[in-house]
Structures are given as C-alpha cells and as structure tokens.
Amino acid sequence: MSESIERSLVLVKPDGYRRGLSGEVLRRIEAKGYVPIALAVTTPTREQLAAHYAEHEGKPFYEPLVEFMSSGPVTAMVIEGQRCIEGFRSLAGATEPTGALPGTIRGDLGRDWGLKVQQNIVHGSDSPESSAREIGIWFPEL
Ligand code: DAT
Ligand code: MG
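Residues numbered from 1 in each chain as written. Chains lettered and ligands numbered in written order. Predicted model: local features only at pLDDT ≥ 70, side-chain atom pairs only at ≥ 80, totals over all residues. Heavy atoms only, no water.

Participant: Help me understand the site of ligand 1 in this model?
Facilitator: As a structural note, the neighbourhood of ligand 1 is formed by Lys13, Tyr53, His56, Phe61, Leu65, Arg89, Thr95, Arg106, Lys116, Val117, Gln118 and Asn120. Arg89 places a polar side-chain atom, nitrogen or oxygen, 2.8 Å from an oxygen atom of ligand 1. Protein burial of ligand 1: of its 510 Å² of free accessible surface, 75% is covered by the chains. Grouping the constituent residues of the shell around ligand 1 by class yields four nonpolar, four polar and four charged. (Near = heavy atom within 4 Å. Polar contact = N/O pair within 3.5 Å; in protein donor to acceptor, adjacent residues only side chain to side chain. Areas by Shrake-Rupley, 256 points an atom, 1.4 Å probe, with all protein chains shown as cover. Nonpolar A, V, L, I, M, F, W, Y, C, P; charged D, E, K, R; others polar.)

This is how it looks when you write it as structure tokens:
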C-alpha cells in the first residue's frame, strides 16, 4: 500500500441499516471516489462496542450509545483512498444531525429523535490511529 493511501473504518449504524440506507451511504462513498475494500453486515457485540467506543466510557451518553449500537445489524466497511479519513468525515457531516449541513449524510438523512444518544446514521474513523485500531476490531483479518 502506497504510504499516502489511507484506510477508514465506516459503519452504517443500526438506524441507517434499519432505514435501508446502507446503499445510499456506499453510493456517496463511491461517488466521491473512495473504494470499499471490505464490507460486512454484523450485529455488534458489547465487547466490540466497548473497544470501539473506549474513548467515550464514563460519558453520560455512553450506555445509551452501546445499547443503540447493539440494537441490530450494522453495515461495516473499510474504504480506501488518499485522505479518505478526513474525506469521509466531511461526507458524514457534524455529529449532531440537526445542525449537520445539508449535502452531508447526517444533514440530509439524519434528525434528532429526542433520545439520550444521537442517532446519526454513520461512524467514520477520526484519525489514522483510530482507523488502524477500529479496523482491527471490525476486520481483524485485514
Ligand atoms: P462522531 O461520531 O462524530 O465521531 P463522537 O465520536 O464524539 O462523534 O461520539 C460518538 C457518538 O456518540 C456520536 O456519533 C453520537 C453520540 N454522541 C456524541 N456526543 C453526544 C452527546 N453530547 N449527546 C448524545 N449523543 C452523543
Ligand atoms: Mg468519533
């Protein structure tokens, strides 16, 4: 792998999966020019989620987040391309879907449901370190 090519771990969360938005998320990723190199549908275990969201342990939304993320299948993927970590975060939009800009996944497809945790359709790695760690959790074979 050329040094400048990055990988990012993307999840279509249970809200997005339930609403049939996995294809729409993948469409936007491919339209941007990033390449999926691994794809799987899986219902996350609490152990996977504890590892994935370790940075948020102890925060008020942590338990609702783990509960929500284990509530059904997610579509997990690894995407590849120069600067795709930053690029996918840009496609995803802001964490809080009410204020996320139109044109972004969260801005176009997400909204506030008045719950203890924001349901915002997608996860994307936020740094090369997170990406390497998260790919190890969801795709240990890579
Ligand atoms: P992001 O998913 O944009 O990287 P994050 O890593 O800070 O955001 O948080 C993980 C998820 O937790 C996020 O997608 C939605 C939820 N979340 C974050 N902050 C929250 C808050 N203050 N209240 C409710 N849910 C929150
Ligand atoms: Mg995050």
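Participant: What exactly am I supposed to notice about the environment of Phe139 here?
Facilitator: Among the structural elements, Phe139 can be located in the segment after helix H7 (128–138). Residue contacts for Phe139: discarding those within four places in its chain leaves Leu9, Ala38, Leu39, Ala40, Ala76, Met77 and Val78. (Helix = DSSP H or I, 4+ residues; strand = E, 2+ residues; numbered from the N terminus. Contact = heavy atoms within 4.5 Å.)

Participant: Hey, could you run me through helix H2 (residues 22–32) in this one?
Facilitator: Among the residues making up H2, those that are buried are Ser22, Val25, Leu26, Arg28 and Ile29. For H2, the angular spread of buried residues about the axis comes to 155°, placing them on one side. Positive backbone phi, approximately 110°, marks Gly33, located one or two places after H2. (Buried < 20%, exposed > 50% of the residue type's maximum accessible area, 1.4 Å probe, protein only. Arc of directions from axis to C-beta.)

Participant: Any chance you could explain the nonpolar core here in plain terms?
Facilitator: The tendency in soluble globular proteins is for nonpolar side chains to be buried as a group. Ranked by size, the top nonpolar core spans 18 residues in total, and within it Leu9, Leu11, Met69, Trp138 and Phe139 carry the most contacts. For this core, the secondary structure elements donating two or more residues are strand S1 (5–12), helix H4 (62–69), strand S3 (74–82) and H7. Here the element with the most residues in this core is H4; it accounts for five residues. Counting residues in each nonpolar core, the second largest holds 17 residues, with Val10, Val25, Cys84 and Val122 among its members. (Core = buried A, V, L, I, M, F, W, Y, C linked by side-chain atoms within 4.5 Å.)

Participant: Sorry, what's going on with the side chain of Asp15 here?
Facilitator: Tracing the backbone shows Asp15 in helix H1 (residues 14–18). In this structure Asp15 is buried but unpaired, with Arg19 as the nearest side chain of opposite charge at 5.4 Å. Among the polar contacts listed, one links the side chain of Asp15 to the backbone nitrogen of Ile121, at a separation of 3.0 Å. In this structure Asp15 touches Phe68, Gln119, Asn120 and Ile121, once residues within four positions along its chain are discounted. (Lys, Arg positive; Asp, Glu negative; His and termini not counted. Salt bridge = Lys/Arg side-chain N within 4 Å of Asp/Glu carboxyl O.)

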